[in-house]
Amino acid sequence: MQVYLDNAATTKMSRAAIDAMLPYLEETYGNPSALHSMGQRAKEALEAARQVVARCLGAHPDEIYFTSGGSEADNQAILSAAAMGERKGKKHIVTTAFEHHAVLHTLAKLEKQGFTVTYLSVGGKGNISARQVADAITEDTCLVTTMFANNEIGSILPISEIGAVCRERKVLFHTDAVQAVGHVPVNVAEMNIDMLSLSGHKFHGPKGVGVLYARKGVALTSLIEGGAQERSRRAGTENVAGISALAAALSGATARLDENMEKVKRLRDKLICGLSSIPHSVLNGDRVSRLPGNVHFCFEGIEGESLLLLLDEYGIEASSGSACTSGSLDPSHVLLAIGHPHEIAHGSLRLTLSEYTTEEEIDYTLKAIPEVVARLRALSPIWRDKTEGKKPFLLK
Ligand SMILES: *Cc1c(COP(=O)(O)O)cnc(C)c1O
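Residues numbered from 1 in each chain as written. Predicted model: local features only at pLDDT ≥ 70, side-chain atom pairs only at ≥ 80, totals over all residues. Heavy atoms only, no water.

### Here we look at the site of the ligand
Working step 1: In the vicinity of the ligand lie 13 residues, with S71, D176, Q179, S199 and K202 positioned nearest.
Working step 2: Within the contact set of the ligand, an oxygen atom lies 2.6 Å away from a side-chain nitrogen or oxygen of S199.
Working step 3: K202 has a polar side-chain atom sitting 2.8 Å from an oxygen atom of the ligand.
Working step 4: Starting from 380 Å² of accessible surface for the ligand in isolation, the protein chains cover 87%.
Working step 5: Per-element tally for the shell around the ligand: the top contributor is helix 4 (residues 70-87), with three residues. (Near = heavy atom within 4 Å. Polar contact = N/O pair within 3.5 Å; in protein donor to acceptor, adjacent residues only side chain to side chain. Areas by Shrake-Rupley, 256 points an atom, 1.4 Å probe, with all protein chains shown as cover. Helix = DSSP H or I, 4+ residues; strand = E, 2+ residues; numbered from the N terminus.)

Have a look at this one:
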């Protein structure tokens, strides 16, 4: 059996998204800046997609900028707010310790340029409060950037409350909503969000296409110079097929949001409940304020990477939760941020579901994981020391 449980890393494209893409690859392949009618039809598709995205987010179409993905949107949002801040002499930014690297690395770059960044500490359940944000804002703050939901442990942040604090204190608020859009309700107007990043491939759209929402009045700095596309804020011929597919995927996800949330949550809870019976393990992230499709555990006495390789032999595609593409052995900054020691952080497993996940797949996974964990523990010298009482257990 093949079981794909790595939907936080990327998702399978929906049929509707693929169908929305094909006409712009096969027939209407004109450049949207061209004056001929094929180009104009491509331009119409682009603007139709912009309207769909705006409607799904509670924004105005003029506030939607298409990008090459979530990372680019995060970079552009943060660098634009920094440039606006610098013009007013404000060079302080508030964020959290468990952001995605697209945010953290952009902020590190700004720190080298003289900005100061406050990294809010994350509670044991992966929680951040609006109170922490309010306390961190100073006269010099030009931006608050917090993720909507964490990509590793799935905790959802109090975005409406943070938005209200930022609006009251007149500080720009950006949220990396890449894990949230298409999975939980998101409305930029109701939530007082000034800038928001999203990415097509996290909700059954294509890879390499994303959106930056920027409220009217936010002066975006372009990262890519060239033509006048995207109202001169993002040069380069638009990815019309990808953008049309993103809009179709988002429209589908938004239309089925309640139904999918309920379905996916039920399977998530079944998985959490079953895995909780494995001794010396812990569920990471908040039990309630949690993405519908996220399950994240640490198992004492095993290495997450070995667990992934064995699960792959069972046909189960999962993740340790940290994107250590560099092959570094550093444990996840997210798990360290919620207070786990290195030893526990190394034994992590992230299983992320989608609307395509079935009950049979969850049942199969629930049989496989306890077997695999037991096999790995039986081979582990540390585990032997713990069972013989030579080393203490860290998890119940
Ligand atoms: C995937 C992801 C990104 C990056 O999006 P890309 O489209 O892959 O560049 C940024 N932030 C979060 C929270 C993500 O999960």
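Next comes the rest of the account.
### Things to note about the pattern of salt bridges
Working step 1: In the structure shown here, the tally under the stated rule is 20 salt bridges.
Working step 2: Measuring nitrogen to oxygen at the nearest pair gives 3.4 Å for the salt bridge that ties R131 to D135. Of this pair, R131 and D135 both sit in helix 6 (residues 130-136), separated by four residues, roughly a single helical turn.
Working step 3: Among the ionic pairs, K391 bridges to D385, the shortest N-O distance being 3.6 Å.
Working step 4: In this structure K391 comes out as partly exposed when scored by relative accessible area, which is 39%.
Working step 5: One connected set of salt bridges, linked through shared partners, spans K43, E47, R50 and E230. (Salt bridge = Lys/Arg side-chain N within 4 Å of Asp/Glu carboxyl O. Buried < 20%, exposed > 50% of the residue type's maximum accessible area, 1.4 Å probe, protein only.)

### So, the packing of helix 3 (residues 37-57) against helix 9 (residues 240-255)
When two helices pack together, their arrangement is captured by the angle between the axes and the distance separating the axes.
Working step 1: In contact at an axis separation of 9 Å, helix 3 and helix 9 are set at 30° when each is read in the N-to-C sense. Taken together, the axes of helix 3 and helix 9 lie roughly parallel to each other. In the packing of helix 3 onto helix 9, the handedness of the crossing is left-handed. Note on element contacts: helix 9 touches helix 3 through V240, I243, S244, L246, A247, L250, S251 and T254, opposite A42, A45, L46, A49, V52, V53 and C56.
Working step 2: The class makeup of the residues in the contact of helix 3 with helix 9 is 12 nonpolar, three polar and no charged. (Axes fitted to C-alpha atoms, helices over the stretch in contact; angles between N-to-C directions. Parallel < 35°, antiparallel > 145°, perpendicular 65-115°, else oblique. Left-handed = near helix turned anticlockwise from the far one by under 90°. Contact = heavy atoms within 4.5 Å. Nonpolar A, V, L, I, M, F, W, Y, C, P; charged D, E, K, R; others polar.)

### Section: the sheet that holds strand 5 (residues 141-147)
Working step 1: Read across the sheet, seven strands follow the order 2-8-7-6-5-3-4 without closing on themselves; strand pairing throughout is mixed. Single-partner strands in this sheet number two, and they are strand 2 (64-67) and strand 4 (116-120). Neighbour-to-neighbour, the strand axes of this sheet turn through a mean angle of 20°, independent of strand direction.
Working step 2: Of the strands in this sheet, strand 2, strand 7 (195-199) and strand 8 (210-214) are in contact with helix 3, which crosses strand 2 at around 115°. (Pairing = 2+ DSSP bridges.)

### Digging into the side chain of S14
Working step 1: Relative to the assigned elements, S14 resides in the loop between strand 1 (3-4) and helix 1 (15-21).
Working step 2: At 3.0 Å, the side chain of S14 forms a polar contact with the backbone nitrogen of A17.
Working step 3: Residues in contact with S14, not counting those within four places in the same chain, are H204, A249 and Y356.

### Considering unusual backbone geometry
Working step 1: Phi is positive for H204, close to 70°, though the residue is something other than glycine.
Working step 2: With relative accessibility at 6%, the residue H204 sits in the buried group.
Working step 3: A positive phi is found at S232, a non-glycine position, where the angle reads about 65°.

### Quick notes on the packing of helix 11 (residues 304-313) against helix 14 (residues 359-379)
Working step 1: Between helix 11 and helix 14, whose axes approach to 10 Å, the crossing angle comes to 130°. The orientation of helix 11 with respect to helix 14, classified from their angle, is oblique. The element helix 11 and its partner helix 14 pack so that their crossing is right-handed. In this structure, helix 11 contributes S306, L307, L310 and L311 to the contact, and helix 14 contributes I369, V372, V373, R375 and L376.
Working step 2: Class assignment for the residues of the contact of helix 11 with helix 14 results in seven nonpolar, one polar and one charged.

### So, the domain arrangement of the protein
In many analyses, interface size is given as the accessible surface area lost on bringing the parts together.
Working step 1: Considered domain by domain, the protein is made up of domain 1 (3-9 + 257-387) and domain 2 (15-255).
Working step 2: A separation of 28 Å is found between the C-alpha centroids of domain 1 and domain 2.
Working step 3: Here domain 1 meets domain 2 over a buried area of about 2,300 Å², counting both sides, of which 54% is carbon and sulfur.
Working step 4: When the area that domain 1 buries against domain 2 is broken down by residue, the three leading residues are L257, L291 and H333, summing to 29%.
Working step 5: Inspection of the region where domain 1 meets domain 2 yields zero salt bridges.
Working step 6: On inspection of domain 1 and its partner domain 2, the count reaches 11 residue pairs in polar contact (both at pLDDT 80 or more).
Working step 7: Taken together, the elements giving at least two residues each to the side of domain 1 that touches domain 2 come down to helix 10 (257-275), strand 10 (294-299) and helix 12 (333-337).
Working step 8: For the side of domain 1 that touches domain 2, the leading source of residues is helix 12, giving four residues.
Working step 9: Residue composition of the side of domain 1 that touches domain 2, by class: 11 nonpolar, 11 polar and four charged. (Domains from an automatic or database assignment. Buried area = accessible area lost by both parts, 1.4 Å probe.)

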